[in-house]
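In case you want the letters, here they are:
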Amino acid sequence: MVNSLSPEVRRVVVLGTGGTIAGKAASSGDNIGYTAGQVGVADLLGGIDAPTGVALVAEQVAQLDSKDMSFDTWQKLAQRCAHWLAQADVAGIVITHGTDTLEETTFFLHSVLSATKPVVLTCAMRPATALAPDGPQNVRDAISVASTPGARGVMAVCAGTIHGGLDIQKTHTYRLDAFASGDAGPLGYVEEGEVRLVRAWPEAAASQVSKIFDAAAVQWPRVEIVMSHAGASGAVVEALVQAKGVDPLRGLVLAATGNGTVHHALEEAALKAQADGIAIVRATRCVNGRILPKAGDQFRDAGALTPVKARIALMLELLG
Ligand code: ASP
């Protein structure tokens, strides 16, 4: 770490949120029986040499297992990113995060930040206590991307591969290379600290949701996901609409089959909900491809967004 800043030194800010990368297990041979979110972000940087002319700044934003990610943590994270991105000497941001909802946080930040500088999420599939943890190399690679001149946009780095915030999906439960970018393919690779870009950096999405940055607390609209499948019924939709003790349902993502098809019984209940003012969007449950709209569609579609990303997009739309 560089402590006294000369004018040429650029800062890379590393924001910690927890995850397996900060996880601890009782034995080094245990890669799955650990507790996520135990090691502080400053300690995750121990032993990592910053690239020449780069100073690392560590800040703990949250300390959780990303399966438990909350909207309030997203808001805090977005606010801290906006704060740091506005500092002239900050080259970019790295966010350490759990793998389980990494694609959701990446897409959320992609949607709300005007990231003219790089914001790079990274993670690990093995805890910090593992015999051969993957976290340190992933962090080092993410720092390389965050300090690459000209880099911009929200993305994620795992196992030497750079994925864009729009395309990234967790596709494996166990392997270290657990992410893919579907039809779009990765943005590039990190090799010995060098970025090899194979697509353009992601365009910074201009945020329409200033509330996230201005308000102390946001009233997040309740949007749920219901999957269409063989033997589906309208019962889940009806239960969601009638649920007591929670905010009223504002939106529903139908995780549809194939090119956006929905079981007729589920469709009937969703049409009724739509007529009652609930926003309905179809997203395909297929891992690759997009929904191609056609004449006679009863619900709008989310294109290539997965159901979890379509849900975030709908929440932001309802919020904005
Ligand atoms: N449950 C962990 C998390 O998402 C899994 C991981 O990080 O790999 O925080």
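Now for a quick tour of the structure. (Residues numbered from 1 in each chain as written. Predicted model: local features only at pLDDT ≥ 70, side-chain atom pairs only at ≥ 80, totals over all residues. Heavy atoms only, no water.)

**Section: the environment of D43**
One can find D43 in helix 1 (residues 41-44). What makes D43 exposed here is its relative accessible area of 57%. Distance in space between the C-alpha atoms of D43 and A151 is 26 Å, their sequence separation being 108 residues. (Helix = DSSP H or I, 4+ residues; strand = E, 2+ residues; numbered from the N terminus. Buried < 20%, exposed > 50% of the residue type's maximum accessible area, 1.4 Å probe, protein only.)

**A short note on the packing of aromatic side chains**
With the rule as written, the count across this model stands at four aromatic pairs. Plain terms: the ring middles of F71 and W74 are 5.8 Å apart, the flat faces sit at 50 degrees to each other, and that makes the pair tilted. Here F71 pairs with W74, and both are found in helix 2 (residues 71-85), just three residues apart, close to one helical turn. A relative accessible area of 24% places F71 in the partly exposed class. Given the relative accessible area of 4%, W74 is considered buried. Between W74 and F108, the ring centres sit 4.8 Å apart and the planes meet at 15 degrees, which makes this aromatic pair stacked. (Phe/Tyr/Trp six-rings, centres within 6.5 Å; stacked < 30°, edge-to-face > 60°.)

**Here we look at the layout of surface pockets**
Of the voids in this model, the largest pocket is the one considered here, and its volume is about 260 Å³. Contributing to the lining of the largest pocket are 16 residues, with E103, Q169, R285, T306 and P307 lying nearest its centre. Where the lining of the largest pocket is concerned, the elements lending two or more residues are helix 3 (102-112), strand 9 (169-170), strand 13 (222-227) and helix 8 (307-319). Taken together, the residues that form the lining of the largest pocket break down as seven nonpolar, four polar and five charged. (1 Å grid on protein atoms, 1.4 Å probe; cavity = no way out; pocket = protein on both sides within 12 Å on 5 of 7 lines; lining within 4 Å. Points joined across faces, edges and corners; volume = space filled by probe spheres on them. Nonpolar A, V, L, I, M, F, W, Y, C, P; charged D, E, K, R; others polar.)

**Overview of helix 4 (residues 135-146)**
Taking 1.5 Å of rise per residue, the 12 residues of helix 4 would be expected to cover 16 Å, and the 16 Å separating its terminal C-alpha atoms lies within 8% of that figure. Helix 4 sits mainly inside the fold: nine of its 12 residues count as buried. Among the residues of helix 4, those classed as buried are G135, N138, V139, D141, A142, I143, S144, V145 and A146. (Expected span 1.5 Å × (residues − 1).)

**What to know about the sheet that holds strand 14 (residues 249-256)**
Adjacent strands of a sheet form backbone hydrogen bonds with each other and so pair up, either parallel or antiparallel. Overall, parallel pairing links the four strands, which are arranged 13-14-15-16 in an open sheet. Every interior strand has two partners, whereas the edge strands, strand 13 and strand 16 (300-301), have only one. Across six bridges, the pairing between strand 14 and strand 15 (residues 279-284) is parallel. Considered in strand 15, the bridge of A256 is made with T284. Relative to the sheet, helix 7 (residues 264-275) contacts strand 13, strand 14 and strand 15, its axis offset from that of strand 15 by approximately 145 degrees. Across the face of the sheet, helix 8 comes into contact with strand 13, strand 14, strand 15 and strand 16 while running at roughly 155 degrees to strand 14. (Pairing = 2+ DSSP bridges. Contact = heavy atoms within 4.5 Å. Axes fitted to C-alpha atoms, helices over the stretch in contact; angles between N-to-C directions.)

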